[in-house]
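Structure assessment
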Protein chains: 2
Amino acid sequence: MRNITIESNNGSFNYSLISSIEGVIGKIEGILNSHSCFYIVDSNVHKIYHNQFKHLFNQKNCFVLNATEEYKSFDSIYRIYDFLLENNADRSSYIIVIGGGITGDTGSFAASSFMRGTRLIHVPTTLLAMVDSSIGGKTGVNYKKYKNFIGSFYEPEQVITSSKFLSTLKQEDVLSGMGEVLKYALIDSNFFDYCFSWLDGSLDLPEDDLLYLIGKSAQIKNDVVTQDKKDLKMRHSLNLGHTFGHAIESVSGFSVKHGIGVIAGMRGATYLANKMGIMEDKVMEKVLDLLGRYKVDEKINTYSTDSIYLAMQGDKRE
Amino acid sequence: MRNITIESNNGSFNYSLISSIEGVIGKIEGILNSHSCFYIVDSNVHKIYHNQFKHLFNQKNCFVLNATEEYKSFDSIYRIYDFLLENNADRSSYIIVIGGGITGDTGSFAASSFMRGTRLIHVPTTLLAMVDSSIGGKTGVNYKKYKNFIGSFYEPEQVITSSKFLSTLKQEDVLSGMGEVLKYALIDSNFFDYCFSWLDGSLDLPEDDLLYLIGKSAQIKNDVVTQDKKDLKMRHSLNLGHTFGHAIESVSGFSVKHGIGVIAGMRGATYLANKMGIMEDKVMEKVLDLLGRYKVDEKINTYSTDSIYLAMQGDKRE
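Predicted model, so just to flag it, every value in this text is computed and none were measured. (Residues numbered from 1 in each chain as written. Chains lettered and ligands numbered in written order. Predicted model: local features only at pLDDT ≥ 70, side-chain atom pairs only at ≥ 80, totals over all residues. Heavy atoms only, no water.)

**Some points on the overall build of chain A**
Applicable threshold: Strands are runs of DSSP state E lasting at least two residues, helices are runs of H or I lasting at least four, and both sets are numbered from the N terminus onward. The globule rule used for comparison is 2.2 Å times the number of residues to the exponent 0.38, while the radius of gyration itself is calculated over C-alpha atoms. Burial classification: accessible surface area is computed with a 1.4 Å probe over protein chains only, and a residue below 20% of its type maximum counts as buried, one above 50% as exposed, and the rest as partly exposed. Any two residues having at least one pair of non-hydrogen atoms within 4.5 Å are treated as being in contact. Note that accessible areas follow from Shrake-Rupley with a 1.4 Å probe, and for residues the cover is restricted to the protein chains shown. For this count, His and the chain ends are skipped, Lys and Arg are scored as positive, and Asp and Glu as negative. One atom stands in for each charge, and that atom is NZ of Lys, CZ of Arg, CG of Asp or CD of Glu.
For chain A, the count of helices and strands is 12 helices and eight strands. For chain A, the C-alpha radius of gyration of 19 Å lies close to 20 Å, the compact-globule estimate for 318 residues. Counting only C-alpha atoms and orienting by the principal axes, one finds that chain A spans roughly 60 × 45 × 35 Å. Looking at chain A residue by residue over its 318 residues, the buried ones come to 58%. Summarising the internal contacts of chain A: among those between residues at least 6 apart in sequence, 73% fall at separations of at least 24. In the form shown here, chain A has an accessible surface area of approximately 13,800 Å², with 51% of it arising from carbon and sulfur atoms. Here chain A carries 33 positive and 37 negative side-chain charges, and the mean point of each set is 4 Å from the other.

See below:
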C-alpha cells in the first residue's frame, strides 16, 4: 500500500492514493467502526464493484445514482434527501461519495445542504475526478439549461482513491482525465518537463507513472485552490483552455468529453497566446508537441470557428 | 445616526444599527453605486415601506416573498433562482435580503447556492431577526414536514438595520424578539443585571434602551457563533429553552410565535435545572422574576405535560 497525503492550509484535508481497491475498502472500514456511513455510488461503479464492496453496502446505506448529466439535478438531490431521512442520517453521519464527477458534484451538494451539512468523503473512481473534481470543494447540479449553476463550496474531509479503478475505465474517459493532467503540466513548469520527457500519448501507463501523475496533479490543484477557496482570482488558472474547451463540448452537443474538449481548447488557447504575442514560438512548439501526442476526436477539427466563437460568448459554466 | 459595528474573527462582518430608516437606505445606496444589487423583500415590509425605498426598487431588481412558513420552501428558492437568472445576476452581484427570519433564511439559502454563492447583505426588520437569525450564517428552508432541514452556513458580509423598523411591528412579534433578548440575558451575567434592573415587561421601550438591547444581544450572539461556526458545541448555549420552546410551538400548531415559546421554554428549563439540583433556589427566583415580567399567551399553561414531552422527543429542528 502506498499513501500520498496532501496537507492543506487548514490541516484537515487528506488525499490518500492507495495502490489497491482493498486498501480503499480498509480505510473506509476504519471510519465505519465509529460512525454511521451512507454511500452515494455511481451506477457504473456499483455494477462493476458491488461484489468487492458487498460487506459495506446494504439497502439502507447505499444510494445508487445514474451518473448522467440528466441526473445531475434537483430531482436526484430530493431522492438523496429522502434516502437520508428514511435511514435516519444526521449531521454527524459520513456521506461517502463513490464515483466520477457527476456523482461527486451531486452527492456533495446533497451532503452540504442536508441539515446544513454532514461529514463528507470522496472516493473518486475516474481520472478526471481523481485529479480535478474531488479537490477544491466545488459541488453542484444543473438547473434548467445551465450546467453546474446551483451548488456550494464544501470540502470533503478526505479523498480516498486507488489508481486501480482506472483499469475498468473506458479509454475515452482516461483520455479525458489526461486533459486535466496536461493542464497542470502547463501550470507547473517542473511537471511540464516531467510530462514532456516521459509521456508518449499512451493511455496504458505503468502503475508507478500513474501514481506519480495522479498524486502530482492533485497536489498542484490543491495548492491553487488553497490559495483561492472561493474561485475569485488565482483559481482562474485552472480554467486554462476551458473557454475554448466548453465551447467545443457545447458545439458537439456534449458528445465530446470534458477533458478531451480541454485538450483541444488548450491547443486553441496556445495558438491564440502566440498570435497575441504573449507566448514565444519555441514555447508554443513544445506545448503543441506535448498536447499533440494525445489524439482527440477527429471531428473536432470540422467545427467552424464561427460556431465555436458563438458558443464561447454564451459560456456561463463554472 | 448611531452605528454599532461588531468586529468578527475574520474581520469581515459588520453589524450597523442605525437610528433612522433613511440611514439604512443611505448605506445601501453607497453599495449600489459600484455593484449590481438584487433585493429579496418580505411582503409585509414591502407593503409598508415600498414608498420609502421606491428609488431603490424596480421590477427587475426586487423580488417580493410571502413571509409565511409555507413559502419557506424549494418552490420559493426556484422562483428566486429564476428571478436572478432573468435579470442577469451573477456571483459578483449583491443580494440584499430585507425582512424577518423567514425572508432571511430563504433568501440567504438562495444566495448561498446560486452560482455557488453571491455576495450577501441582511437588512433584518423584526426584533427576532435583528438579534438572532441575521447573525451566524444559518440559512435554510423547510423540507416536507421538517423545519429548516435543508440549508447552509453562509455569512452575510454586512447586517444593516434600524430600530425604527420595530415601530410597525405587531406587539406579539416584538414580544417574540424579546424572548431571544432574554435568552442572551441568561447567557451573559452582566447583561442579565442590566435587564433585571431596567426591563419592566413593557414592549414600548425608549429609543436608547432599544438600541442598547439590540446591539448587546447581537454582540453576544456574534461572540458565541464566532467561537463555533458549525454549531458543534459552544453554540448549543443558544438553544437555551429551545427544546421546551419548540415543543410548545409544535403543540400549539405553531400559533405560538417562536420567541414566545422560548420564554415559556426558559421557564420550564429553569424549573427543571432547579429540580435537578444544578440551579440554586435564589438564582431560579431571579430568573423567573425577569421572565415573568413578560406575559406569554395564557393558553400555553393549558397544554398537558404529556403532549409537550411527546413533542420534545420528536424535536428535529435546527
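Here the narrative resumes.
**Section: the packing of aromatic side chains**
Residues and elements named next belong to chain A. Defined as follows: Within 6.5 Å between ring centres, the rings of Phe, Tyr and Trp (the latter by its six-membered ring) count as paired, and their orientation is classed by plane angle as stacked under 30 degrees, edge-to-face over 60, tilted in between. A positively charged side chain is recorded as over a ring if its NZ (Lys) or CZ (Arg) lies within 6 Å of the ring centre. The angle to the ring normal must also be within 35 degrees.
Counting across every chain of the model gives 39 aromatic pairs over all chains. Cation over ring: K147 sits above F254, and NZ or CZ is 4.6 Å from the ring centre. The residue whose ring lies beneath R293 is F196, and the NZ or CZ to ring-centre distance is 4.6 Å.

**Let's talk about the sheet that holds strand β4 (residues 94-99) of chain A**
Adjacent strands of a sheet form backbone hydrogen bonds with each other and so pair up, either parallel or antiparallel. Residue and element names in this part refer to chain A. Stated formally: Pairing between two strands is assigned when DSSP locates at least 2 bridges connecting them. Fitting a line to C-alpha atoms yields each axis, with helices limited to the stretch in contact; the angle taken between N-to-C directions then spans 0 to 180 degrees.
Read from one edge to the other, the open sheet built from six strands follows the order β1-β8-β5-β4-β2-β3, with strand pairing classed as parallel. Strands with a single pairing partner mark the edges of an open sheet, and in this sheet they are β1 (14-18) and β3 (62-65). The mean angle between the axes of side-by-side strands here comes to 15°, regardless of whether they run parallel or antiparallel. Here β4 pairs with strand β5 (residues 119-124) via six bridges, running parallel.

**With respect to the environment of A:D75**
Residue placement: A:D75 occurs in helix α3 (residues 74-86). Taking C-alpha positions, A:D75 is 39 Å from A:S202, a pair spaced 127 residues apart along the chain.

**Quick word on the pattern of salt bridges**
Stated formally: Whenever Lys or Arg places a side-chain nitrogen within 4 Å of a carboxyl oxygen from Asp or Glu, that contact is recorded as a salt bridge.
One pass over the structure, following the stated rule, counts 18 salt bridges over all chains. One salt bridge connects B:D82 with A:K144, and the closest N-O pair in it is separated by 3.0 Å. Highlighted residues: B:D82 in helix α3 (residues 74-86) and A:K144 in the loop between β6 (138-143) and β7 (146-153), drawn from two different chains.

**Looking at the domain arrangement of chain A**
Residues and elements named next belong to chain A. Selection criterion: These domain boundaries are the output of an automatic or database domain assignment. Note: buried area is the sum, over both parts, of the accessible area (probe 1.4 Å) each one loses when the two are combined.
The assigned domain composition of chain A is domain 1 (2-167) and domain 2 (170-197 + 229-313). Computed over C-alpha atoms, the centres of domain 1 and domain 2 are 27 Å apart. Residue-level contacts link 11 residues of domain 1 with 14 residues of domain 2. Summing the contributions of domain 1 and of domain 2, the shared interface buries around 1,100 Å²; its carbon and sulfur component is 62%. It is L127, L128 and F153 that lose the most area in domain 1 upon contact with domain 2, and together they represent 42% of the buried surface on that side.

**Examining unusual backbone geometry**
Residue and element names in this part refer to chain A. Positive phi is not limited to glycine here, since M115 has a value of about 55°. With respect to the helices and strands, the residue M115 is situated in the loop between α4 (101-113) and β5. In this structure M115 comes out as buried when scored by relative accessible area, which is 19%.

**Some thoughts on the sheet that holds strand β8 (residues 158-162) of chain B**
Residue and element names in this part refer to chain B. Taken together, the six strands give an open sheet; going across it, the order is β1-β8-β5-β4-β2-β3, and neighbouring strands pair in parallel fashion. The open sheet has two free edges, formed respectively by β1 (14-18) and β3 (62-65), since each of these has just one partner strand. The average angle at which neighbouring strand axes cross in this sheet is 15°, direction not considered. α3 rests against β2 (37-42), β3 and β4 (94-99) of the sheet, and its axis sits at about 170° to β3.

**Quick word on helix α11 (residues 281-292) of chain A**
All names here are of chain A. Put simply, the test is: Helix span, expected: 1.5 Å multiplied by one less than the number of residues in the helix.
Here α11 contains 12 residues, and its C-alpha end-to-end distance of 16 Å stays within 8% of the 16 Å for a straight helix at 1.5 Å per residue. Along α11, the positions that sit buried rather than exposed are M284, V287, L288, L290, L291 and G292. Where the residues of α11 are buried, they touch α6 (171-187), α7 (189-198) and α10 (258-275).

**Remarks on the interface of chain B and chain A**
Note the threshold: Residues adjacent in sequence count toward polar contacts only when both atoms are side-chain atoms; beyond that, a polar contact is any pair of N or O atoms within 3.5 Å, and within protein one must be able to donate a hydrogen and the other to accept it. Classification used: nonpolar for Ala, Val, Leu, Ile, Met, Phe, Trp, Tyr, Cys and Pro, charged for Asp, Glu, Lys and Arg, polar for all others including Gly.
Taken together, the contact between chain B and chain A spans 29 residues of the former and 29 residues of the latter. Around 2,600 Å² of area is buried between chain B and chain A when both sides are counted, 53% of it from carbon and sulfur atoms. Our count for the chain B to chain A interface comes out at 13 residue pairs in polar contact (both at pLDDT 80 or more). Of all the secondary structure elements, the ones that give two or more residues to the side of chain B that touches chain A are α3, α4 (101-113), β6 (138-143) and β7 (146-153) of chain B. Per-element tally for the side of chain B that touches chain A: the top contributor is β7(B), with seven residues. Of the residues that constitute the side of chain B that touches chain A, the class distribution is 13 nonpolar, seven polar and nine charged.

**Remarks on the packing of α3(B) against α4(B)**
Residue and element names in this part refer to chain B. Going by this rule: Angular relationships are summarised with four words: roughly parallel below 35 degrees, roughly antiparallel beyond 145, roughly perpendicular across 65 to 115, and oblique for the angles in between. Handedness of a crossing is defined here by the sense of rotation of the near helix relative to the far one, left-handed for an anticlockwise turn of less than a right angle and right-handed for a clockwise turn.
α4 packs onto α3 with a crossing angle of 55° between their chain directions and a minimal axis gap of 10 Å. By the angle between their axes, α3 is oblique relative to α4. Like other packed secondary-structure pairs, α3 and α4 cross with a definite hand, here right-handed. Touching F74, S76, I77, I80 and Y81 of α3 are T106, G107, F109, A110 and S113, all from α4. Its residues assigned to classes, the contact of α3 with α4 comprises six nonpolar, four polar and no charged.

**Describing the relation of the copies chain B and chain A**
Convention followed: For the least-squares superposition of copies, only C-alpha atoms count, and only for residues with pLDDT at least 70 in both.
Taken as rigid bodies, chain B and chain A are interconverted by a rotation of 180° and an axial shift of 0.0 Å, the fit giving an RMSD of 0.0 Å. Between the two chains, the operation in question is that of a two-fold axis. Within chain B, the C-alpha atom positioned nearest to the axis of rotation is that of B:S152, 4.3 Å from it.

**Structural notes on a nonpolar patch on the surface**
Put simply, the rule is: Patch membership needs two things, relative accessible area over 30% and no salt bridge, and members are linked within 9 Å if like-charged or within 5 Å if nonpolar (Val, Leu, Ile, Met, Phe, Trp, Tyr).
Residues A:L272, A:M276 and A:I278 make up a contiguous nonpolar surface patch of about 340 Å² in total accessible area. With relative accessibility at 43%, the residue A:L272 sits in the partly exposed group.

**Section: the state of the cysteines**
All names here are of chain B. To keep it simple, the criterion reads: Two cysteine sulfur atoms make up a disulfide if the distance between them is within 2.5 Å.
What the rule picks out here adds up to zero disulfides over all chains. Cysteine C37 remains unbridged, with the sulfur of C62 as its closest cysteine sulfur at 12 Å. With a relative accessible area of 5%, C37 lands in the buried category.

**Quick look at the side chain of B:R293**
All names here are of chain B. With respect to the secondary-structure elements, R293 resides in the loop between α11 (281-292) and α12 (305-313). Overall, R293 belongs to the buried group, its relative accessible area being 18%. Polar contacts involving the side chain of R293 include one to the main-chain carbonyl oxygen of L199, which spans 2.6 Å. Dropping the residues within four chain positions of it, R293 is found in contact with C195, F196, L199, D200 and G201.

**Points about the pairing of β7(B)**
Note on strand geometry: in a regular strand, side chains alternate between the two faces of the sheet. Residues and elements named next belong to chain B. Across the eight residues that make up β7, a large majority, six, are buried. For β6 and β7, the ladder comprises five bridges, and the chain directions are antiparallel. Counterpart to T139 in the pairing with β7 is S152. Linking β6 back to β7 in an antiparallel pair, the connection comprises two residues, with K144 at a positive phi of about 50°.

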